[in-house]
Amino acid sequence: MVHIGGMETRLDRFAVARNDLAVPHPSGKLVCVACAHRCKLAEGGRGVCLVRSRHGDALTVPWGYTAGVAVDPIEKKPFFHFLPGARALSFGMLGCDMHCAYCQNWFTSQALRDDRATGRALPATPEALVAAARDHGCAVVTSTYNEPLITAEWSRDVFVQAREAGMRTTFVSNGHATAEVLDYLAPVLDACKVDLKSFDAGSYQSLGGKLQAVLDTIRGLVARGIWVEVLTLLVPGFNDSDTELRAIAAFIVATSPEIPWHVTAFHPDYRMTDPPPTPAATLQRAAAIGRDTGLRFVYAGNLPGRTGNLEDTRCPSCGATVVRRTGFTVHESLVTPGGTCPSCHAALPGLWSPGGTVRPPAPTASRP
Ligand code: SF4
Ligand code: SF4
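As the structure is a prediction and not an experimental result, all values here were calculated from the model.

Sorry, what's going on with the side chain of histidine 81 here?
Position of histidine 81 relative to the elements: it lies in the loop between β8 (68–73) and β9 (87–92). With relative accessibility at 0%, the residue histidine 81 sits in the buried group. A distance of 2.9 Å separates a polar atom in the side chain of histidine 81 from the backbone oxygen of proline 349. Ignoring sequence-local partners within four residues, the contact set of histidine 81 consists of Trp227, Glu229, Pro260, Phe297, Tyr299, Thr313, Pro349, Gly350, Leu351 and Trp352.

So what exactly am I meant to see when it comes to the sheet that holds strand β19 (residues 329–333) here?
Pairing between sheet strands relies on hydrogen bonds along the backbone, with the strands arranged either parallel or antiparallel. Pairing within the open sheet is antiparallel, and its 3 strands lie in the order β17-β18-β19. At either end of the open sheet lies a strand with only one pairing partner, and these are β17 (313–314) and β19. With 2 bridges joining them, β17 and strand β18 (residues 321–326) adopt antiparallel strand pairing. Bridge pairing links threonine 313 to valine 323 in β18.

Sorry if this is basic, but what is going on with the sheet that holds strand β4 (residues 40–41) here?
Taken in spatial order, the 3 strands make up an open sheet running β2-β3-β4, and their pairing is antiparallel. Strands with a single pairing partner mark the edges of an open sheet, and in this sheet they are β2 (22–24) and β4. Examined bridge by bridge, strand β3 (residues 30–32) and β4 share 2 bridges and lie antiparallel to one another. The partner of leucine 30 across the bridge, within β4, is leucine 41.

Looking at this model, I keep getting lost on the nonpolar core. Mind explaining?
Inside soluble globular proteins, nonpolar side chains tend to come together where they are buried. Counting 93 residues, the largest nonpolar core has Tyr102, Val141, Leu196 and Trp261 as its most contacted members. Apart from the residues lying within four places of it in its own chain, the contact partners of leucine 196 are Tyr204, Leu211, Val214, Leu215, Ile218, Val230, Leu231, Thr232, Ile248 and Phe251. Residues Phe79, Ala86, Ala88 and Val140 belong to the second largest nonpolar core, which totals 10 residues.

Would you take a moment to explain the environment of leucine 112 for this structure?
Among the structural elements, leucine 112 can be located in the loop between α2 (106–109) and β10 (122–123). For the pair leucine 112 and cysteine 96, spaced 16 residues apart in sequence, the C-alpha to C-alpha distance is 8.8 Å.

Rules and cut-offs
- Residues numbered from 1 in each chain as written.
- Chains lettered and ligands numbered in written order.
- Predicted model: local features only at pLDDT ≥ 70, side-chain atom pairs only at ≥ 80, totals over all residues.
- Heavy atoms only, no water.
- Helix = DSSP H or I, 4+ residues; strand = E, 2+ residues; numbered from the N terminus.
- Buried < 20%, exposed > 50% of the residue type's maximum accessible area, 1.4 Å probe, protein only.
- Polar contact = N/O pair within 3.5 Å; in protein donor to acceptor, adjacent residues only side chain to side chain.
- Contact = heavy atoms within 4.5 Å.
- Pairing = 2+ DSSP bridges.
- Core = buried A, V, L, I, M, F, W, Y, C linked by side-chain atoms within 4.5 Å.

Written out as structure tokens, the structure reads:
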């Protein structure tokens, strides 16, 4: 059990004063720009995320611990166009700026809000995390599990070390960001998975976030040349209508039709236990909508082997299957190290070899 008071005491060891993402406000308050809540904090004030607070002229922010570290296949994040088959040293902390009723990581993300959450903080350093990544043969270091935006300073410090060790860096985020935090992370961030949970502002509000902020983040990542993949967890009755799926797909196409869209299956979890698990047919319907709308890459997730070829990557130019997958397992990747289709030589967006260069999704506005 984790209490805010007790957690505050224990997490005092794992907090530092930083001004990286604090902006003075004419009222005398400090604005935290780590996420789209933009909390205005008076002395001693704590943000919506509960992990950041103001003391004097600085913010006290989490640093120097993890609440979970694992070596995951990069497909689990999921990234399907970013070093297929690579290992990702994945680390998380505690807390989130949203409170999704279906959160599958609620035991860490909601650790400061929910007494039932059991997340625990263990000491860590950027050097130790990067050394662990090296020891386990990881090409990628990933900030994930809880919401990494709210601990952006820690992620950035880890990523600086990871980059120096020749590794790539990724975020698994709800995308509830600001332009300031994207600018802050851009120099050290290679790729970001963003949840686009709904296309309804009211639904987003019920989860504790703002739809427009997430849309701005997706566009902002593309504009900054950061590789982005978008994920929508399809919850029956919440966000799986044809109308909403078309709206999501149309937004992505209008940003770049080359952004991969993952439509994944919900299973009852945490506080959302009423909707049934998402059937495979719903993922297939969403994928058909995505492709009809103009998306080049749509993937089905969480139902391995049950959605036909929707886990594979096909070349949009010639139709050849270039990566075959089941779940998180890559059976075969035929993309050339230079990132081209082996059959027709078309360039494929993403990063396909450790020494390669990211080919970002072409923004729609700049397409011929
Ligand atoms: S990270 Fe977001 S929720 Fe937390 S203090 Fe900053 S603006 Fe507020
Ligand atoms: S944004 Fe992600 S981590 Fe946060 S509560 Fe929602 S699903 Fe969980």
